[in-house]
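Read off the chains here:
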Amino acid sequence: ELDCSNCKNISPFCIVTGMRMQREDWSYCPHCNFPAKHSAFTGALQISEQCPMCEEPVKVSDLPVVHDPSPMIAACKSLFQSIEYL
């Protein structure tokens, strides 16, 4: 599950590893904006210079480092909550 049934906190998953994201290792694809662990995405780009989700070309130098992912987590949480009411 992506969220806690009690507090509704979202726990995004990395598009490279499939594991839960960690605040201190946060990045995302500059094309599709899906989250990825920076260390895992950097390693994956050494093998293939494309996003594992959208398959767009990505260079390590274009990979953003997110120091505070709180706004991204909040946006994800609000998206899931709006879908929940449909």
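In this text the structure is predicted, and so the values were computed from the model without any measurement. The residue numbers shown here count from 1 along each chain, following its written sequence. Given that the model is predicted, a residue must reach a pLDDT of at least 70 before its local features are reported, and side-chain atom pairs must reach 80 or more before they are shown or counted; all residues, however, enter totals for whole chains, interfaces and linings. Side-chain metrics rest on all non-hydrogen atoms present in the structure, leaving aside hydrogens and water.

> I'm lost on the pattern of salt bridges in this one. Help?
Working definition: two side chains of opposite charge can pair if their charged atoms are close together. Should a side-chain nitrogen of Lys or Arg be within 4 Å of a carboxyl oxygen of Asp or Glu, the pair is scored as a salt bridge. Scanning the model with the defined rule gives one salt bridge in all. Among the salt bridges present, the one from R23 reaches D68, with a minimum N-O distance of 4.0 Å. With R23 in the segment before β1 (26-28) and D68 in the loop between α1 (38-47) and α2 (70-84), this residue pair connects regions lying 45 residues apart in the sequence. Here the term buried applies to any residue with accessible area under 20% of the maximum for its type, exposed to any over 50%, and partly exposed to those in between, with areas from a 1.4 Å probe on protein chains only. Overall, D68 belongs to the partly exposed group, its relative accessible area being 48%. Here a strand is any run of E in DSSP of at least two residues, a helix any run of H or I of at least four, and the numbering for each starts at the N terminus.

> Teacher, can you tell me more about α1 here?
Residue pairs spaced three or four apart in an α-helix point in one direction, given the helix's 3.6 residues per turn. Listing the buried residues of α1 in full gives A40, F41, T42 and L45. Elements in contact with the buried residues of α1: β1 and β2 (35-37). Any pair of residues with heavy atoms lying within 4.5 Å of one another is described as a contacting pair.

> Looking at this structure, how should I read unusual backbone geometry?
Phi is positive for N33, which is not a glycine, with a value near 65°. You will see that E55, though not glycine, has its phi angle at about 65°, which is positive. Summarising the element assignment, E55 is placed in the loop between α1 and α2. Overall, E55 belongs to the exposed group, its relative accessible area being 55%.

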